[in-house]
Amino acid sequence: QMKHLLRLRHAASLVTVCAQRELRKTGAAMGDVHIIQDGALVVGADGRIAAVGTTAEIDAQFATAEFEEDIDATGMSVIPGLVDAHTHPVWAGDRVDEFAMKLAGASYMDVHKAGGGIHFTVRHTQASSQEELLRSLLGRMDKMLAHGTTLLEGKSGYGLDADNEIKMLRVLHAANQQHAIDVVATYCGAHAVPKDSSAAEATHDIIEHQLPEIARLNKEGEISVANMDVFVEKGVFELNDAQRLLQAGKDAGLQLNFHGEELSYLGSAELGASLGATAISHLEKVSPAGMAAMASSGSVAVLLPTTAYILRLEPPPARSLIDAGVAVALGTDFNPNAYCLSMPLTMHLACILLRLSMNEALVAATINAAASLGRAADYGSLECGKVGDMVLIANARWEHLIYQLGEHPIAAVIKKGRVVVKAPS
């Protein structure tokens, strides 16, 4: 008989989040997380959860089994590994100077016009080698893992031409193979209009040149791209271009997961819903009609409280989205403009700025974030058959993860049944 990887017993609270194999939670169910007191679980040799229950149930069921790792979680709580639904983690060249400009009153678009913003990062990222970009990404991912993230969405989008976008997608592919965190890669070639180009020219280049090459490399297994992203915004890619880009991504077999309604209302939520988008991010300016459309299409709303906080924007209408029946997820939006690697901090900001309850923030950072990536069948809850990713919190109440601002109480992070982070005791 094969040894199981892990037995964990006596958790004061084992927060499974789901108990009915739900692939997302909406409405009132977002406020409801399933908790087993004196909880226990077993992760099998395949890195997936073999059993979940009370300690007495698991002890009876596995009386003669052997385990590589045995954890006594007395006095602790356990939650699913956190899922960061929106990051821009591959880049070079920090933008600390812009932070000073913004504090002095410059808007995001002012910075953009002054040669800063995305174009500053593009110049530095284009000038960096694949090896340099991978090294810095792996270091960032180490920090994310220590903050409890076990699955993340990662975008390209600082290349803006075929060679550099593919370089970034190769980096994400390599990181997924080399790092404990699982990476779902997103092609974001339509992140900005390249210097000396028009939106129409950029749209043509992406559809005719970049996407076919990316589809080819995807098929050959050199990169692993799941999603198509477009920055749908006034003066960037407006609705007509966005529709063509998203449709081309869909035709190339990619899920649609894009930036919409951040700085101005264009109707991109309605557009995304009509195309069957898996997820739409930002949504600060979403309309009631857009919310209703997303609820009926099942598109997940990925909300980014760090962005609203740092850019001093009106936050997205999270309560209205939940009331409309849209599944709400969270991401750090880690990027050179919003340098936050921590999902616990993002969850805290979601509670304060977006007015989520702590239960809603946990659902948004686990099962709904997994749903935004099309990965909820494997991640986002502690249920049988799912990947054995979890976070141990050094308190009987899991809410300390959100309550302790800037100093998270994570005792350990477990990935596929193996301890990958252990806090110094």
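The structure under discussion appears in the preceding block.
Everything numeric in this text was worked out from a predicted model, so none of it was measured.

*Asks:* For the sheet that holds strand β12 (residues 300-303), give the residues involved together with the corresponding values.
*Replies:* Across the sheet, which stays open at both edges, the eight strands sit in the order β6-β7-β8-β9-β10-β11-β12-β13 with parallel pairing between neighbours. A strand with exactly one partner marks an edge of an open sheet, and here the two such strands are β6 (82-84) and β13 (328-330). Each adjacent strand pair in this sheet contributes to an overall mean axis angle of 25°, direction not counted. In the sheet, β6 pairs with strand β7 (residues 149-155) via three bridges, with the strands oriented parallel. Residue Asp-84 lies in a different strand from β7, and its bridge partner there is Leu-152. Across the sheet, helix α7 (residues 199-219) lies against β8 (182-190) and β9 (225-230), angled at about 160° from β8, the strand it touches most.

*Asks:* Explain the packing of helix α6 (residues 162-178) against α7 to me, and be specific about the residues and the numbers.
*Replies:* Contact pair α6 / α7: the axes reach a minimum separation of 10 Å and the direction vectors enclose 30°. On the basis of their axis angle, the class for α6 and α7 is roughly parallel. In this structure, α6 meets α7 at a crossing whose hand is right-handed. Contacts from Ala-162, Glu-165, Ile-166, Leu-169 and Arg-170 in α6 reach Gln-210, Glu-213, Ile-214 and Leu-217 in α7. A per-class count over the contact of α6 with α7 returns five nonpolar, one polar and three charged.

*Asks:* So, the packing of aromatic side chains: which residues are in play, and what are the values?
*Replies:* Two descriptors summarise a pair of aromatic rings, namely the distance from one centre to the other and the angle between the planes of the rings. Considering all chains together, one arrives at four aromatic pairs under this definition. Relative to Phe-334, the ring of Trp-91 has its centre 5.9 Å away and its plane inclined at 35°; by these criteria the two rings are tilted. Residue Trp-91 is found in the loop between β6 and α2 (96-103), and its partner Phe-334 is found in the loop between β13 and α13 (343-353); the two are separated by 243 residues along the sequence. Relative accessible area serves as the criterion here: at 4%, Trp-91 is assigned to the buried category. Judged by relative accessible area, Phe-334 falls into the buried class, the value being 0%. A ring pair is formed by Trp-91 and Tyr-339, whose centres lie 6.0 Å apart and whose planes are at 85°; its orientation type is edge-to-face.

*Asks:* I'd like a description of the pattern of salt bridges, backed by residues and values.
*Replies:* For side chains bearing opposite charge, pairing can occur when the charged atoms are close. Applying the stated criterion to the full structure yields 16 salt bridges. The partner of Glu-153 in a salt bridge is Lys-155, with the nearest N and O atoms 2.6 Å apart. Residue classification places Lys-155 among the buried residues on the basis of a relative accessible area of 1%. Between Arg-216 and Glu-220 there is a salt bridge whose closest N-O contact spans 3.1 Å. Salt bridges linked by common partners bring Asp-182, Asp-389, Lys-415 and Lys-416 together as one network.

Rules behind the numbers
- Residues numbered from 1 in each chain as written.
- Predicted model: local features only at pLDDT ≥ 70, side-chain atom pairs only at ≥ 80, totals over all residues.
- Heavy atoms only, no water.
- Pairing = 2+ DSSP bridges.
- Helix = DSSP H or I, 4+ residues; strand = E, 2+ residues; numbered from the N terminus.
- Axes fitted to C-alpha atoms, helices over the stretch in contact; angles between N-to-C directions.
- Contact = heavy atoms within 4.5 Å.
- Parallel < 35°, antiparallel > 145°, perpendicular 65-115°, else oblique.
- Left-handed = near helix turned anticlockwise from the far one by under 90°.
- Nonpolar A, V, L, I, M, F, W, Y, C, P; charged D, E, K, R; others polar.
- Phe/Tyr/Trp six-rings, centres within 6.5 Å; stacked < 30°, edge-to-face > 60°.
- Buried < 20%, exposed > 50% of the residue type's maximum accessible area, 1.4 Å probe, protein only.
- Salt bridge = Lys/Arg side-chain N within 4 Å of Asp/Glu carboxyl O.

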